[in-house]
Amino acid sequence: MESVITKKQKSMIVKWKKYKSERKNMNSLQQELFKLQDLKYRDFHSKLMPGIDKETIIGIRTPVLRKFAKEFAKTEAAESFLKELPHQYYEENNLHMLLISDIKDYERCLAEVKRFLPYINNWATCDIPRPKCFAKNKAELLPVIKEWIASGDTYTIRYGIGTLMSFYLDEDFKPEYIEIAAEVESEEYYVNMMIAWYLATALAKQWDATIPYLEERKLSPWVHRKTIQKAVESYRITDEQKVYLKTLRENC
C-alpha cells in the first residue's frame, strides 16, 4: 500500500528542494568569486583590516568585483543571494552592498540596507558608495540617518555618518547637520575616524559653518587632531586654510 504524503510533508519537500537549489547557487557563486582571486592583493588588503580573519578574504580587487556585480545582478541567483545571510566571505558582503546600491526603488533599497547593516564587520564594506536612490529621497532619509547614528553599533553609526557626508554637505546642507556628527561620543576607532573624515570634508565644502568646532574645541582631542590632519592632507583645502588649521593643533 502506497504511503500518503501529507500537505505538511509536501511543503517540507518543496522547501528542501528550494534550499538545495539555493545552496547550489551559493556554492556556484563562491566558485566564480574564487576564479577572480588575486592572492597578492589578498595579502595586502587583509593587513588593512585588523581583526578580520584572513581566511574569510578571497582577495578580489574592487574594480573586478564591481564588474562581476553588474553581470551577477542580471541573474536570478542575485535575488537568492540577497536573502542569504550571513555570508561566509568578505567579498560576498561587498557584493551584497554593491547589489543593494543599484536598487532603484527607495523603499526596497532602504529595507535591504537596514537588513544588512547588522552583518557589516569592517570599514571597507561599510564605506561602499551609498545607493543612488538615496539622493532623491533626502527628506525621508534624514530621520533614518539619525537613528543609525544613535544605534550604538560601530558600523551602523559609521554608515550613518558616511551617508550624512555623502548627501548633505552641498545644496541640501544645514549647519545643524554638522552637530549630528560632532556630538557623537565613542571609543571606537572606526567611528571616530569617520567623524574626522566627515568634518574634514565639511571644512572643504562648508568652511564657515565647520571651523568653529575646531576653534572652540568642541571635539574630543583625538577627533580634533585627526580632523585637522585629514583636512591638511586634502587638495580641496586652500594653502591659507591649511596654515590656519595647523595653528589649531597647538595645545590639543
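Counting from 1, residues in each chain are numbered in the order their sequence is written. Two thresholds apply to this predicted model, a pLDDT of at least 70 for residue-level local features and 80 or more for giving and counting side-chain atom pairs, whereas whole-chain, interface and lining totals are computed over all residues. By convention in this description, side-chain values take in all heavy atoms of the structure and omit both hydrogens and water.

Chemist: Honestly, a positive patch on the surface in this entry has me stumped. Any pointers?
Modeler: Each patch groups residues whose relative accessible area exceeds 30% and which form no salt bridge, using 9 Å between like charges and 5 Å between nonpolar side chains of Val, Leu, Ile, Met, Phe, Trp and Tyr. Accessibility throughout is a Shrake-Rupley quantity obtained with a 1.4 Å probe, and a residue counts as covered only by protein chains that appear here. In what follows, salt bridge is the name for a side-chain nitrogen of Lys or Arg lying within 4 Å of a carboxyl oxygen of Asp or Glu. This count recognises Lys and Arg as positive and Asp and Glu as negative, with His and chain-terminal groups excluded. Charge positions come from single atoms, namely NZ of Lys, CZ of Arg, CG of Asp or CD of Glu. Together, Arg66, Lys70, Lys104, Lys132 and Lys136 give the surface a local cluster of positive charge. Inspection of the secondary structure puts Arg66 in helix H3 (residues 62-72). Burial classification: accessible surface area is computed with a 1.4 Å probe over protein chains only, and a residue below 20% of its type maximum counts as buried, one above 50% as exposed, and the rest as partly exposed. For Arg66, a relative accessible area of 35% corresponds to the partly exposed category. Labels follow the DSSP assignment, with helices taken as runs of H or I lasting at least four residues and strands as runs of E lasting at least two, numbered in each case from the N terminus.

Chemist: Mind showing me how you'd approach the packing of aromatic side chains here?
Modeler: Centre-to-centre distance and the angle between the planes together describe a pair of aromatic rings. For Phe, Tyr and Trp, rings pair up if their centres lie within 6.5 Å, where Trp contributes its six-membered ring, and each pair is then called stacked (planes under 30 degrees apart), edge-to-face (over 60) or tilted (otherwise). Scanning all chains against the criterion turns up 11 aromatic pairs. Summarising the aromatic geometry, the rings of Tyr41 and Phe44 are spaced 6.5 Å apart at their centres and angled 45° between planes, so their arrangement reads as tilted. Of this pair, Tyr41 and Phe44 both sit in helix H2 (residues 39-46), three residues apart, which is roughly one turn of that helix. Using a relative accessible area of 12% as the deciding quantity, one classes Tyr41 as buried. Here the aromatic rings of Tyr189 and Trp222 are separated by 5.8 Å at their centres, their planes lie at 70°, and the arrangement is edge-to-face. One end of the pair, Tyr189, is in helix H11 (residues 189-205); the other, Trp222, is in helix H13 (residues 221-232), with 33 residues separating them in the sequence. Exposure remark for Tyr189: the relative accessible area of 43% places this residue in the partly exposed category. Among the residues examined, Trp222 registers a relative accessible area of 30% and is labelled partly exposed.

Chemist: For this particular structure, what's the right way to read H2?
Modeler: Three or four residues apart is the spacing at which side chains of an α-helix point the same way, because the helix has 3.6 residues per turn. Within H2, burial applies to Tyr41, Arg42, His45 and Ser46. Looking straight down H2, one finds that the buried residues subtend no more than 120° of arc, so they occupy a single side. Contacts were defined at the residue level, with two residues in contact if any of their heavy atoms lie within 4.5 Å. In this structure, the buried residues of H2 make contact with H3, helix H5 (90-101) and helix H7 (123-126). Pairing of N or O atoms within 3.5 Å defines a polar contact, subject to two protein rules: one partner must be a possible hydrogen donor and the other a possible acceptor, and residues neighboring in sequence count only if both atoms are side-chain atoms. For H2, the side-chain oxygen to backbone nitrogen distance between the N-cap and Lys40 is 3.2 Å, and the N-cap itself is Asp38. An arc is given here, and it is the one of the directions from the helix axis to the C-beta atoms.

Chemist: Would you take a moment to explain the environment of Ser186 for this structure?
Modeler: Tracing the backbone through its elements, the reader meets Ser186 in the loop between helix H10 (175-182) and H11. Between the alpha carbons of Ser186 and Ile157 there is a distance of 9.9 Å; along the sequence they are 29 residues apart. If we skip the residues at most four places from it in the chain, Ser186 touches Val191 and Asn192. A distance of 2.9 Å separates a polar side-chain atom of Ser186 from the backbone nitrogen of Glu188.

Chemist: Would you mind going over the nonpolar core with me for this structure?
Modeler: What tends to happen in soluble globular proteins is that the nonpolar side chains get buried as a cluster. Among buried residues, those of type Ala, Val, Leu, Ile, Met, Phe, Trp, Tyr and Cys that are joined through side-chain atoms within 4.5 Å constitute a nonpolar core. Counting residues in hydrophobic clusters, the biggest one holds 74 residues, and the most contacted among them are Phe134, Trp148, Tyr198 and Leu245. In terms of residue count, H11 provides more of this core than any other element does, nine residues in total. Residues contacting Leu245, with those up to four places away along its chain left out, are Leu203, Trp207, Ile211, Leu214, Ile228, Ala231, Val232 and Ile237. Counting residues in each nonpolar core, the second largest holds five residues, with Met49, Ile52, Tyr90 and Ala124 among its members.

Chemist: What is the right way to look at the environment of Ala181 in this model?
Modeler: Inspection of the secondary structure assignment puts Ala181 in helix H10. Each C-alpha atom, one on Ala181 and one on Leu164, is 8.3 Å from the other, the two residues being 17 residues apart in sequence.

Chemist: Could you clarify how one ought to interpret unusual backbone geometry in this entry?
Modeler: Trans peptide bonds make up most of the peptide bonds, and negative phi angles are found at most residues other than glycine. A cis amide bond links Leu85 with the next residue in sequence, Pro86, at an omega value of 0°. Summarising the element assignment, Pro86 is placed in the loop between helix H4 (77-83) and H5. Residue Arg217 is not a glycine yet carries a positive backbone phi of 55°. For Arg217, the position within the fold is in the loop between helix H12 (207-215) and H13. When its relative accessible area of 34% is taken as the criterion, Arg217 is described as partly exposed.

None of the figures reported here should be taken as evidence of function without further support.
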